[in-house]
Amino acid sequence: MESPFKSDILKGKVALLTGGGSGIGYEISAQLGKHGASIAIMGRRKHVVDSAVSALRSLSIQAIGFEGDVRKRDDAIRVLESTINQFGKLDILVNAAAGNFLVPAEDLSPNGFRTVIDIDSVGTFTMCHEALKYLKKGGPGKNPSSGGIIINISATLHYTATWYQIHVSAAKAAVDSITRSLALEWGTDYDIRVNGIAPGPIEGTAGVRKLAPEEISSKRREHVPLFKLGEKWDIAMAALYLASDAGKYINGTTLVVDGGLWLSSPRHYSKEAVKQLSRTVERRSRDAPVGIPRSKL
Ligand code: HXC
């Protein structure tokens, strides 16, 4: 789909994306690049990073890739330094690296829990922490009065509770909390805007392949009328909005991009049934003598 944004809204900007070689991370890389940004991507799998960089370059996007694991502070430092060496500055950091698998809480080892916290929450904090000196106002290549932007990819799993996702729900709750704390501290001190995006289930991603295998998702559709998959494009457009000047007054929010899915719940009565029931209940309440307990109505 064509972007509704002008193609130069990020002209001259430099973005680093963790997990930028595949899935949602890659689509954000491509869309930031198509709108003028130079792109650095960081990922654990060299071949994935390499092919993403080739694909970005074939779109005439200035792109570079680095192998690295957000769980390793040294990798974070190295990749950030290399990005600055290559492009001279950093304007946008997107934390899209994540880990996930379905598992009942009772079968999840503490190390399995820790692994996802390490990737999603600690990894996000580590990248933000090491990027601060480049993103803050007056940092290398930066205007003395305006800082950069951070976008943390989150989820909606923890807004209620999600089966077999105790580890990721906890990890993403921490990510949202990191987003708000940094928005407060770094927004105030360094003019850095920090926001998040909480995608719903997005077509063609590892998230959907792992969390909603076909046999589960088709069953789920019967019970959740709103259920439909989003596109990676939807998330990339949200990222563009937050990263561009269109989002200049947005700080500390996590934008839910799920078509309203997280709000859905089973419908207990049909519309016709509820109209009947509602009128009957109202009539009974109106006609009942004062002082009759509700349970007797
Ligand atoms: C139970 C599991 C498990 C599983 C791993 N573990 N897979 N436990 N069920 N299916 C446990 C292991 O037993 C081990 O604990 C611990 O987790 C670490 O496992 P490793 O395989 O050593 O970890 P590692 O190689 O570092 O791999 C990390 C990973 C893996 C998260 C487990 O899946 C990965 O690399 N994922 C990255 C890609 C990814 O998942 N993308 C999807 C993101 S989707 P023990 O105790 O045995 O040592 C997403 C969507 C969010 O984020 C929500 C959207 C709606």
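Residues numbered from 1 in each chain as written. Predicted model: local features only at pLDDT ≥ 70, side-chain atom pairs only at ≥ 80, totals over all residues. Heavy atoms only, no water.

**Some remarks on the packing of helix α1 (residues 23–34) against helix α2 (residues 46–58)**
Then comes step 1: Where α1 contacts α2, the two axes come as close as 10 Å, and the packing angle between them is 30°. Judged on the interaxial angle alone, α2 and α1 are roughly parallel. For the crossing formed where α1 meets α2, the hand is right-handed. Contact residues: α1 offers Y26, S29 and A30, while α2 offers A52, A55 and L56.
Then comes step 2: Of the residues assigned to the contact of α1 with α2, the class counts are 5 nonpolar, 1 polar and no charged. (Axes fitted to C-alpha atoms, helices over the stretch in contact; angles between N-to-C directions. Helix = DSSP H or I, 4+ residues; strand = E, 2+ residues; numbered from the N terminus. Parallel < 35°, antiparallel > 145°, perpendicular 65-115°, else oblique. Left-handed = near helix turned anticlockwise from the far one by under 90°. Contact = heavy atoms within 4.5 Å. Nonpolar A, V, L, I, M, F, W, Y, C, P; charged D, E, K, R; others polar.)

**Things to note about the site of the ligand**
Then comes step 1: Taken together, 18 residues are adjacent to the ligand, and R44, R71, S109, N111 and K210 come closest.
Then comes step 2: The protein chains hide 59% of the 1100 Å² of surface that the ligand would expose on its own.
Then comes step 3: Here the residues of the shell around the ligand sort into 8 nonpolar, 7 polar and 3 charged. (Near = heavy atom within 4 Å. Areas by Shrake-Rupley, 256 points an atom, 1.4 Å probe, with all protein chains shown as cover.)

**Digging into the layout of surface pockets**
Then comes step 1: Looking at the second largest pocket, its volume works out to about 420 Å³.
Then comes step 2: Taken together, 22 residues form the lining of the second largest pocket, with K13, S146, G147, G148 and I149 sitting closest to its centre.
Then comes step 3: Residue composition of the lining of the second largest pocket, grouped by class: 6 nonpolar, 8 polar and 8 charged. (1 Å grid on protein atoms, 1.4 Å probe; cavity = no way out; pocket = protein on both sides within 12 Å on 5 of 7 lines; lining within 4 Å. Points joined across faces, edges and corners; volume = space filled by probe spheres on them.)

**So, the nonpolar core**
Then comes step 1: Judged by nonpolar contacts, the single largest core of 36 residues is most densely connected at L17, I28, L32, I39, V94, I151 and I197.
Then comes step 2: Listed by contribution, the elements that provide at least two residues to this core are β1 (14–18), α1, β2 (38–43), α2, β4 (92–95), β5 (149–153) and α8 (232–243).
Then comes step 3: With residues up to four places along the chain from it excluded, the contact list for I151 reads L93, V94, N95, N195, I197, A239, L242 and A243. (Core = buried A, V, L, I, M, F, W, Y, C linked by side-chain atoms within 4.5 Å. Buried < 20%, exposed > 50% of the residue type's maximum accessible area, 1.4 Å probe, protein only.)

**Description of the sheet that holds β4**
Then comes step 1: A sheet is described by the order of its strands in space; here 7 strands give the open sequence β3-β2-β1-β4-β5-β6-β7, paired in parallel fashion. With one partner strand each, in any of the chains shown, β3 (63–67) and β7 (254–257) form the two edges of the open sheet. Direction aside, the axes of adjacent strands within the sheet are offset by 15° on average.
Then comes step 2: Sheet topology note: the strand β6 (residues 193–199)/β7 ladder contains 4 bridges and is parallel. In the sheet register, P199 faces β7, and the bridge partner there is V257.
Then comes step 3: On top of the sheet, helix α4 (residues 110–135) reaches β1, β2, β4 and β5; it is set at about 175° to β4, its chief contact. (Pairing = 2+ DSSP bridges.)

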